[in-house]
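# Summary of the model geometry
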Amino acid sequence: MTAPLVGVVMGSRSDWETMQHAVARLEQLGVPHEVRVVSAHRTPDLLFDYAASAASRGLRAIIAGAGGAAHLPGMLAAKTPVPVLGVPVQSKALNGLDSLLSIVQMPAGIPVATFAIGAAGAANAALFAAALLAADRDAIRAALEAFRARQTGDVLDHPDPRL
Ligand code: RP5
């Protein structure tokens, strides 16, 4: 078993529908990862333990998804030097605008890289984590380049949207 380089965490099992898009990209690119439910509000001690041990366990990035009063990414970032990539989950009450603002509006000094609301943000957080790792991991760089080439090819091969 390869030790995980990326931790994918989410505030609730209900966030999986969104966060599965991050995990799918990591799997596609061959990035070793782990997946956990860690709630800032319901399991604060677990959050602290997860963040405190992240660097020593070898994690190089944490993708954290949460919705509503989304404190998980910011609290993780407060407790670890490992880069935290925040994914705002689309909430029922406010469509994820609450999640986005909760995650993006960090005070100076504790950064959280914040992505788009929902599935696109989750996918892009994974691609961003892969890009961070690609600098010194040839296999991940090659997988990322192949993904980009396929994506470009898909567009160029289908120029007429009616077909
Ligand atoms: C947040 O509250 C979670 O990240 C989730 O998006 C939201 C709702 O959680 P559940 O009530 O569905 O468990 O902490």
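Here is what the cut-offs are and how they apply
- Residues numbered from 1 in each chain as written.
- Predicted model: local features only at pLDDT ≥ 70, side-chain atom pairs only at ≥ 80, totals over all residues.
- Buried ≥ 20, exposed ≤ 12 C-beta atoms within 10 Å, placed from the backbone.
- Helix = DSSP H or I, 4+ residues; strand = E, 2+ residues; numbered from the N terminus.
- Arc of directions from axis to C-beta.
- Contact = placed C-beta atoms within 7 Å.
- UniProt positions renumbered as here; feature names shortened; annotations may be inferred.
- Core = buried A, V, L, I, M, F, W, Y, C linked by C-beta atoms within 7 Å.

### Section: helix 2 (residues 44-54)
Helical geometry note: an α-helix holds 3.6 residues per turn, so side chains three or four residues apart project in the same direction. All of the buried residues along helix 2 are Leu47, Tyr50, Ala51 and Ala54. Relative to the axis of helix 2, the buried residues are bounded by an arc of 90 degrees and lie together on one face. Across helix 2 from its buried face, at more than 90 degrees, point the exposed residues Asp45, Ala52 and Ser53. Considering only its buried residues, helix 2 is in contact with strand 1 (6-10), strand 2 (33-37), strand 3 (61-67) and helix 3 (72-79).

### Overview of the UniProt feature "binding site: substrate" (unreviewed entry) in the chain
In the numbering adopted here, UniProt assigns the feature "binding site: substrate" (unreviewed entry) to Ser12, Asp15 and Arg42. In terms of the greatest pairwise C-alpha distance, the residues named above, spread along 31 residues, form a tight cluster of at most 14.4 Å across. Looking at the element boundaries, Asp15 is found in the loop between strand 1 and helix 1 (16-29). Residue classification places Asp15 among the buried positions, given that 24 C-beta atoms sit within 10 Å. Those residues in contact with Asp15, other than ones at most four positions away along the chain, are Met10, Gly65, Ala66, Gly67 and Val89.

### Describing the nonpolar core
Grouped together as the largest cluster of nonpolar side chains are 46 residues, with contacts concentrated most on Ala22, Ile62, Ile63, Leu72 and Ala129. Counting residues per element, this core draws most heavily on helix 5 (residues 119-134), which supplies seven residues. Residue contacts for Ala129: discarding those within four places in its chain leaves Val6, Val31, Ala61, Ile63 and Leu85.

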